[in-house]
Amino acid sequence: MRTPRTATTAAVAVAALALALGGCSSSGGKSSEDKGSGSPSGGKGVNTPRLKIAMVTHSGEGDTFWDIVQSGAKQAAAKDNVDFLYSASKEGQQQAQLVQAAIDQKVDGIVVTLAKPEAVKDVIKKAVAAGIPVVTINSGADFSKEVGALGHIGQDEGVAGEAVGDELDKRGRKKALCVIHEQGNVSLEQRCAGVKKTFQGSVENLNVDGTNTPASTSSIEAKLQSAKDIDSVVTLGAPMAAAAAKAKGDANSSAEIDTFDLNAAVIKQFKAKEIGFAVDQQPYLQGYLAIDELWLNKTNGDVIGGGRPVLTGPAIVTEKDVPTLEKYTARGTR
C-alpha cells in the first residue's frame, strides 16, 4: 500500500418517516459493543450520557462503500453510548429533507456528506444555528467550513485523482476513460479532474447511472468498442469496477481496470488479476471518526484536527496488499 504525498411541512414529514423506518439504528453502549466481535476495537463502552446522532449521506442503492462507512460509525456508536440513525438519498433535495428530519428529532449531532452542496448547505446551516454540531464526511470538503461544520473527514479528492494520474503514468498508459457513476457529484468530478492534471496521456469522462448496473456496463462496453485505443478504465467506486471488468470482456478490450475504493469483491478481482490498482480512502475510518468527533465535542469540547480537514486517504493498493487486507474486507471494515 502506498500513500501518495500532498491529500417543506409535508416533505419533512415524509423525510422523517424515511429516517425512522428506512434508516438503521445502532443501540450503542457496552451491551451493543460486546456483540460486535467482528470489529477491530473492543473493551468496555463509555458511561457518558446517551446521545443521538444522525448520519445522512448521498448513497444510492447497492453501494457497498456506505456499508463500510456505517460499520465504522456503528462501532464508534457502540463505544460512545450513541443511538445511531442512518438515512440516505442520492437526490440532493431529498437529502436536505432528511437533514431537516434529523433537526426535527432534536438529535445531538449530524454527520452529512456534501456531494451536492448547493442542495443541502442551507439546511445544514440551519442545524448549526439550532445548536446541533455537524461533521461533514467523504465529499465536499471545500464547503465544510462554509456551512459551519466542526470539520471534514475524508480524502482530498483532487489529490486522490492526481495520485491515479501518476500511477497511470508509471504503468505506461496513454488513454484513460474516467467513469462517473453519479452525475453532479462534485467529489467524483474532482477525482477525474485530478487524473487529468497529472496524467501525461489523455482522459475522457463517461457519465453512467451507478444505480443501474446493466446500463452502466453497456455504456462502458460501447465506449471501449468505439475507442480501441483506451488502455485504462478508471472507475470511481468499487461496485462499478465489476461492471467495467464485464464490459472489458464483452468488448474484447485489453484496457486495464483501475478503481477507487475497496471491498471484498475488489480483493477477489485482484486475485483474479482483473484490476491493476485501487485507491483506498478508508471509509470505515470516516464513519468511526465522525461519530467519535461528535461524541468528543459533546463530552469534552474537542475538535479533531483543530477544524481542518482530517485525511483518511488516499493510498494506492495493488495485488501485493491482498494478503494484508483480505481478512478486513471480508468482515466489512476495509
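Just so we're clear, the structure is a prediction, and the values are computed from it rather than from any experiment.

### Details of the overall build of the protein
Helix and strand content of the protein: 13 helices and 13 strands. Put simply, the protein has 334 residues, and 56% of those count as buried. In the structure as shown, the protein presents an accessible area of about 14,100 Å², 49% of it carried by carbon and sulfur atoms.

### Digging into the packing of helix α3 (residues 64–80) against helix α12 (residues 283–300)
The relative placement of two packed helices comes down to the angle between their axes together with the axis-to-axis distance. Where α3 meets α12, the axes come as close as 6 Å, and the angle between the chain directions of the two elements is 35°. The chirality of how α3 crosses α12 is right-handed. Side by side, α3 and α12 meet where F65, I68, V69, S71, G72, A73, Q75, A76, A77, K79 and D80 of the first sit next to P283, Y284, Q286, G287, Y288, I291, D292 and W295 of the second. Partitioning the contact of α3 with α12 into residue classes produces 11 nonpolar, 5 polar and 3 charged.

### Thoughts on the environment of V112
Along the polypeptide, V112 turns up in strand β4 (residues 109–113). For V112, a relative accessible area of 0% gives the class buried. Note: C-alpha distance between V112 and N138 (26 residues apart in sequence) is 8.7 Å. In this view, V112 contacts V56, Q95, V99, I124, V134, V135, T136 and I137; residues no more than four positions away in its chain are not counted.

### Digging into the side chain of S89
When you line up the elements, S89 lands in the loop between β3 (82–88) and α4 (92–104). From its side chain, S89 meets the backbone nitrogen of E91 in a polar contact 3.1 Å long. Beyond its immediate sequence surroundings of up to four residues, S89 is in contact with T57, H58, S59, Q94, Q95 and L98.

### A few points about the environment of T57
In this structure, T57 sits in strand β2 (residues 51–57). Taking the relative accessible area as the measure of exposure, T57 reaches 0% and is therefore buried. Spatially, the C-alpha atom of T57 lies 7.1 Å from that of Q95, the residues being 38 residues apart in sequence. With residues up to four places along the chain from it excluded, the contact list for T57 reads W66, Y86, S87, A88, S89, Q95 and T113.

### Structural notes on unusual backbone geometry
For the peptide bond that leads from G313 to P314, omega is 10°, which places it in the cis range. Its place among the elements puts P314 in the loop between β12 (310–311) and β13 (315–317). You will see that N81, though not glycine, has its phi angle at about 60°, which is positive. Considering the arrangement of structural elements, one finds N81 in the loop between α3 and β3.

### Re the pattern of salt bridges
Applying the stated criterion across every chain, the model contains 17 salt bridges. When the shortest N-O distance is used, the salt bridge between K90 and D209 registers 3.9 Å. With K90 in the loop between β3 and α4 and D209 in the loop between β8 (202–207) and α9 (213–226), this residue pair connects regions lying 119 residues apart in the sequence. Residue classification places D209 among the partly exposed positions, given a relative accessible area of 38%. When the shortest N-O distance is used, the salt bridge between E319 and K273 registers 3.1 Å.

### Comments concerning the confidence of the model for the protein
Overall, the prediction assigns the protein a mean pLDDT of 90, with 88% of residues at 70 or greater. Confidence drops under pLDDT 50 across residues 6–24; counting only partners more than four residues distant or on other chains, this segment forms 31 contacts. This stretch, residues 27–39, has a pLDDT under 50; its non-local contacts, to residues over four places away or in other chains, come to 30 contacts.

### Comments concerning helix α5 (residues 117–129)
Between the first and last C-alpha of α5 there are 18 Å, a value that for 13 residues agrees with the 18 Å anticipated at 1.5 Å per step. When α5 is considered as a whole, its buried residues turn out to be P117, V120, K121, V123, I124 and A127. Positioned one or two residues after α5, G131 has a phi angle of 90°, which is positive.

### Looking at the sheet that holds β8
Taken in spatial order, the 6 strands of this open sheet run β8-β7-β9-β10-β11-β13, and their pairing is mixed. Here the strands that pair on one side only, and so sit at the sheet edges, are β8 and β13. Going across the sheet, the axis of each strand differs from the next one's by a mean of 25°, ignoring polarity. Of the strand pairs in this sheet, strand β9 (residues 232–235) and strand β10 (residues 256–260) are connected by 4 bridges, and their pairing is parallel. Following the sheet pairing, V234 is matched in β10 by D258. In the packing of helix α7 (residues 157–170) onto the sheet, the strands contacted are β7 (175–180), β9, β10, β11 (278–280) and β13, and the crossing angle to β10 comes to about 160°. Running over the sheet, helix α10 (residues 238–250) touches β7, β9 and β10 and is turned about 170° from β10.

Basis of the calculations
- Residues numbered from 1 in each chain as written.
- Predicted model: local features only at pLDDT ≥ 70, side-chain atom pairs only at ≥ 80, totals over all residues.
- Heavy atoms only, no water.
- Helix = DSSP H or I, 4+ residues; strand = E, 2+ residues; numbered from the N terminus.
- Buried < 20%, exposed > 50% of the residue type's maximum accessible area, 1.4 Å probe, protein only.
- Areas by Shrake-Rupley, 256 points an atom, 1.4 Å probe, with all protein chains shown as cover.
- Axes fitted to C-alpha atoms, helices over the stretch in contact; angles between N-to-C directions.
- Left-handed = near helix turned anticlockwise from the far one by under 90°.
- Contact = heavy atoms within 4.5 Å.
- Nonpolar A, V, L, I, M, F, W, Y, C, P; charged D, E, K, R; others polar.
- Polar contact = N/O pair within 3.5 Å; in protein donor to acceptor, adjacent residues only side chain to side chain.
- Salt bridge = Lys/Arg side-chain N within 4 Å of Asp/Glu carboxyl O.
- pLDDT = per-residue confidence, 0-100.
- Expected span 1.5 Å × (residues − 1).
- Pairing = 2+ DSSP bridges.

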